[in-house]
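# Report on the structure
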Amino acid sequence: MGLLKKINEWLSDVFVWIGGIALVVMTAVSCINMGLRMMGFPMAGIYDLVCYLGALVAALPLAYTQLKKGHVAVDIISLLLPATVRKIGIGISYVLGMAFFGAAAWKVGSLAGILRASGEVSETLKMPFWPFTYAVAASCALMVFCLLLDVLTMFESSQGGEK
Amino acid sequence: MTIGLLGIVILLCLMFFLELPVGLAMGIVGLGGLWYLLTPDAAVAMLGNEIWNVFSKYGLTVIPMFILMGQICFYSGVNKTLYETAYTWMGRTRGGLSMATIMACAGFAAICGSNTATAATMTSVALPEMKKYKYHPILSSSSIAVGSTLGVVIPPSVVLLVYGIYTEQSIGKLFWGSTLPGVLLSGLFCLTAYLLCVFRPEWGPGGERTTLWQKIKAIPGAFEMFVLFALVMLGLYSGTYTPTEAGAAGAFFALVLGLIRRKLTFKGFIASVVDTLKITSMIILIVTGAVILGRFLTISRMPFEVADYVAALPVQPWLIIIAILFIYMIAGMVMDALGFLLVSIPIFFPVVMKMGYDPIWFGCILCMVTTMGAVTPPVGICAYVVAGMDKEIPLGTVLKGVCWYLPAYWIVLLLMLFYPQVALFLPSFVK
Amino acid sequence: AADTVALTYANFPPATTFPCIQMERWVKEVEKRTNGKVKVKTFPGGTLLEAKSMYDGVVAGGADIGCLATAYQPGRFKELEVMDLPIGFPNAKVASLVMWDLFEKYNPQSLKDVKVLTLFTCATAQILANKAIHNLEELNDVKLRAAGTGVEWMKLLGAAPVGMPQSDVPEALQKGVVHGNVTSMDVLKDMKYAEYCPFVTLSDLWVVPFAVVMNKRKWESLPADVKKVFDDLRKEQALWTGKYVDDHANEAMEWSKKEYKVEFIPLSADERAKWMAKVAPLVDSYIKKMDEAKLPGKQIVEDAKALTEKYSKEYK
Ligand code: NA
Ligand code: NA
């Protein structure tokens, strides 16, 4: 369990680092494009690249954000419920989340496979972009792992409570 | 139709009883609905398509870049000095900082066309500062949430852009038309904040009296933010970059300013990047959920059926307008504003035109009514963003505060209904 | 009624644009010819599926029918990319018919997973700008918004192509971020480009090809008589749409002349020949790319040219 958590934290950190690099590159590339356009040398393809970097920026930190409980949820009503009921509710929500992101990881991954096999490239830059699609799929998969650990932690702590 | 309603009920249960993150709750209900209406295969494939679609959407890249700008400002202390100045000037007035924040939101709305980007940026700039001056979370968080909805009322505006392209109306005229209502709305928000503090003085405590000399001495504190704002504004209005690129320029200028003034450390920069990522993925997950839920509602044809029904009502034109506005208000609660706009405009627009109303006026009024949806639950994206960015402020607190601001929207709407000139005066100068 | 067929039809641009108008026409025609046996619900404006997820969405069954722009996904529909080349299409009627005939002859592998219901193109792209462009010299280094293959055309012609989403263009034009847009003329009226672009160079550049595709399982589940109605409509719909967009472009042209005094600049035959010579390398690189993919690129180009010549006589 402790090892799994370590792995999860390490992976989330790695994903965030890559996402951070994507954010910096995305901003820099947009600025460079503006600068070049002002000087009369616009780069037409830049807008493709910004889209795909944007996908990394949005997707890679998903699990890290979950780890820090940063995805906004509503607890107005559930706080009024008895503690056990609330806990079961949260447990169910983790499982639902796992199903959702599991399906997402699977289908975004197979979309990446289709894009790769069909040889589709980006509209203007004509660059293959399936690696970005795989990265989004991997982010969803890491979300599943993260939620799984949340569920396991819940079991662990409730067993601890009984002793 | 029924399945659409059922979906919304389930959504509320998931969100409120299971504490499911709101984006995820919307996504799950959307997926379940598609599963039921299409085939399981098709539903899951749609999910994959939509996630990739939303994540790689160019228009959304403005969000992380503006957040980065806000975070860099935060870690280089720009907003701290700005709020010190604001406090010296307006701190004595009850709720003065809330009013200053609303004004700042209105100003930011003039460079940014999206309300989520406005919400995220202003939360990072304003919320910690208001907390420092002991403003009550209900007041501080809700002023930012409603203030950020000005992002689409005050041009540039995504909603007006979509409306204009869809109905073949001049974007310029629409932008001008929405300006005066936007200013009015900002004014009413300020008034609301003031009145709230008259009745609940402890929400926005007034500070010490300051002398004129202290006030003048404090002005340089606002200097950096002013320069940053002026740079972004200038570039946008001179045409150096498009509204979507303004975020990148803003982040760049904030970085340069922070480095020149030697206030941004490398550690601070890393922290601002990491925070930006966290906030971005939180927002994009909500947007994704809203899109998937919207797909489900679209396929259930509920929005179409409601729209068709209202358009065919055999009553007075003004009653139809009221009904349409009511529908938009309700739809704004359960759907993403742009999603419903896309579905409903082809149905409502011809009806409204046939009744002889002005297309520019109708666009501005729709912009006003849909923007309210961004802070009303269950799908109130601006309120989510504010709540999501501060662990200590639950969503309920934000929503409680937002309720007090709703009359401001209604007053502007009524004004626009009874005096169409509010929306039509400025556009009449456009060729 | 048990024997009625209910279908969904997704489209990505706004309801007022020609891909949606042809959709509504097709729906009406189908309902008429099947005596109301087929009912189609339409979803314009990307409300059901968006441009780039149209094909995969239809394959998966998200919508039964979908209309997509094949050029938005370069590399995916390689055979149809011949439509992006300087073949010399004089108008959308000819281009649409050529596209259809090529599809029938080559039956592309990339469209094997769907039933193709029709194919058509937009009207030929012209240069809509805020400065007068009469020749290559005046086109040099002018900042023009272009997307996809248009970028390569503009580079070869010496202009400075700028990439940005369609929604940013009106404002970018007003602010001078770009000096023009290269697109078909219907936007002069439909999106009020006449307001910001007082000059149009009639250069008949590229066309944007569209495909209307249907989910294969759904297609196979249709009764034979319905299948026949759909099949009979395929080429007819291509021609109808081509004719509609050409007329619409001309109408937009007349309207902009009258309402906004837009100046239309025709290219002389000599000048046009110069332009076409500049972009000719596009054909060679297409053939090379197709050779690598083991597809008969050279043959397709030759056929496209021959068909264009044939149909040009018929549809001026
Ligand atoms: Na705005
Ligand atoms: Na809402």
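Residues numbered from 1 in each chain as written. Chains lettered and ligands numbered in written order. Predicted model: local features only at pLDDT ≥ 70, side-chain atom pairs only at ≥ 80, totals over all residues. Heavy atoms only, no water.

Under an unreviewed UniProt entry, the name given to chain B is TRAP transporter, DctM subunit, and the organism recorded is Desulfomonile tiedjei. Recorded in UniProt under Subcellular location (unreviewed entry), the annotation for chain B is "Cell inner membrane". (UniProt positions renumbered as here; feature names shortened; annotations may be inferred.)

At their nearest, the axes of helix α1 (residues 2–38) of chain A and helix α13 (residues 246–260) of chain B sit 9 Å apart, and the two run at 100° to each other. Considering the angle they form, α1(A) stands roughly perpendicular to α13(B). Of the residues in α13(B), those in contact with T27(A), S30(A), C31(A) and M34(A) of α1(A) are A248(B), A249(B), A251(B) and F252(B). Across the contact of α1(A) with α13(B), the residue classes break down as 6 nonpolar, 2 polar and no charged. (Axes fitted to C-alpha atoms, helices over the stretch in contact; angles between N-to-C directions. Helix = DSSP H or I, 4+ residues; strand = E, 2+ residues; numbered from the N terminus. Parallel < 35°, antiparallel > 145°, perpendicular 65-115°, else oblique. Contact = heavy atoms within 4.5 Å. Nonpolar A, V, L, I, M, F, W, Y, C, P; charged D, E, K, R; others polar.)

Inspection of the entire model under this criterion finds 31 aromatic pairs over all chains. Arranged with centres 6.2 Å apart and planes meeting at 10°, the rings of F12(C) and F210(C) form a pair that is stacked. Within this pair, whereas F12(C) is found in the loop between β1 (5–10) and α1 (18–33), its partner F210(C) is found in strand β10 (residues 209–215), the two being separated by 198 residues in sequence. Both residues of the pair, F12(C) and F210(C), count as buried. Aromatic rings pair up to connect F12(C), F18(C), Y72(C), F120(C) and F210(C) into one cluster. Directly above the aromatic system of W106(A) lies the positively charged group of K107(A), at a separation of 4.5 Å from the ring centroid. (Phe/Tyr/Trp six-rings, centres within 6.5 Å; stacked < 30°, edge-to-face > 60°. Buried < 20%, exposed > 50% of the residue type's maximum accessible area, 1.4 Å probe, protein only. Lys NZ or Arg CZ within 6 Å of the ring centre and 35° of its normal.)

This part is about the packing of α1(A) against helix α2 (residues 46–59) of chain A. Residues and elements named next belong to chain A. The contact between α1 and α2 brings their axes to 8 Å, and the two run at 155°. In terms of axis orientation, α1 runs roughly antiparallel to α2. In terms of crossing hand, the pair formed by α1 and α2 is left-handed. On the side of α1, the interface is formed by G19, A22, L23, V25, M26, V29, S30 and N33, while α2 contributes I46, L49, V50, L53, G54, L56 and V57. Its residues placed into classes, the contact of α1 with α2 shows 11 nonpolar, 4 polar and no charged. (Left-handed = near helix turned anticlockwise from the far one by under 90°.)

Contacts between chain C and chain B engage 31 residues on the former and 33 residues on the latter. Here chain C and chain B share an interface that buries about 2,800 Å² over both sides, 57% of which is from carbon and sulfur atoms. Remark: the boundary between chain C and chain B carries 2 salt bridges. For E50(C), the salt bridge goes to R295(B), with nearest N and O atoms at 2.6 Å. For the pair chain C and chain B, the number of links is 6 residue pairs in polar contact (both at pLDDT 80 or more). When contributions to the side of chain C that touches chain B are tallied by element, the ones reaching two or more residues are β2 (38–43), α2 (54–60) and α6 (169–175) of chain C. Residue classes in the side of chain C that touches chain B are distributed as 12 nonpolar, 10 polar and 9 charged. (Buried area = accessible area lost by both parts, 1.4 Å probe. Salt bridge = Lys/Arg side-chain N within 4 Å of Asp/Glu carboxyl O. Polar contact = N/O pair within 3.5 Å; in protein donor to acceptor, adjacent residues only side chain to side chain.)

Another point: the interface of chain A and chain B. Between chain A and chain B, the contact holds 58 residues from the first and 56 residues from the second. Both faces considered, chain A and chain B share a buried interface measuring about 4,800 Å² in area, 81% of it formed by carbon and sulfur atoms. Of all residues in chain A, the largest losses of buried area upon contact with chain B belong to V72(A), V74(A) and F100(A), amounting jointly to 16% of the total for that side. Here chain A is connected to chain B by 2 salt bridges. Counting across the interface, chain A meets chain B through 6 residue pairs in polar contact (both at pLDDT 80 or more). Only α1, α2, α3 (62–67), α4 (83–118) and α5 (130–162) of chain A provide two or more residues apiece to the side of chain A that touches chain B. By residue number, the principal contributor to the side of chain A that touches chain B is α4(A), which donates 15 residues. Here the residues of the side of chain A that touches chain B sort into 38 nonpolar, 14 polar and 6 charged.

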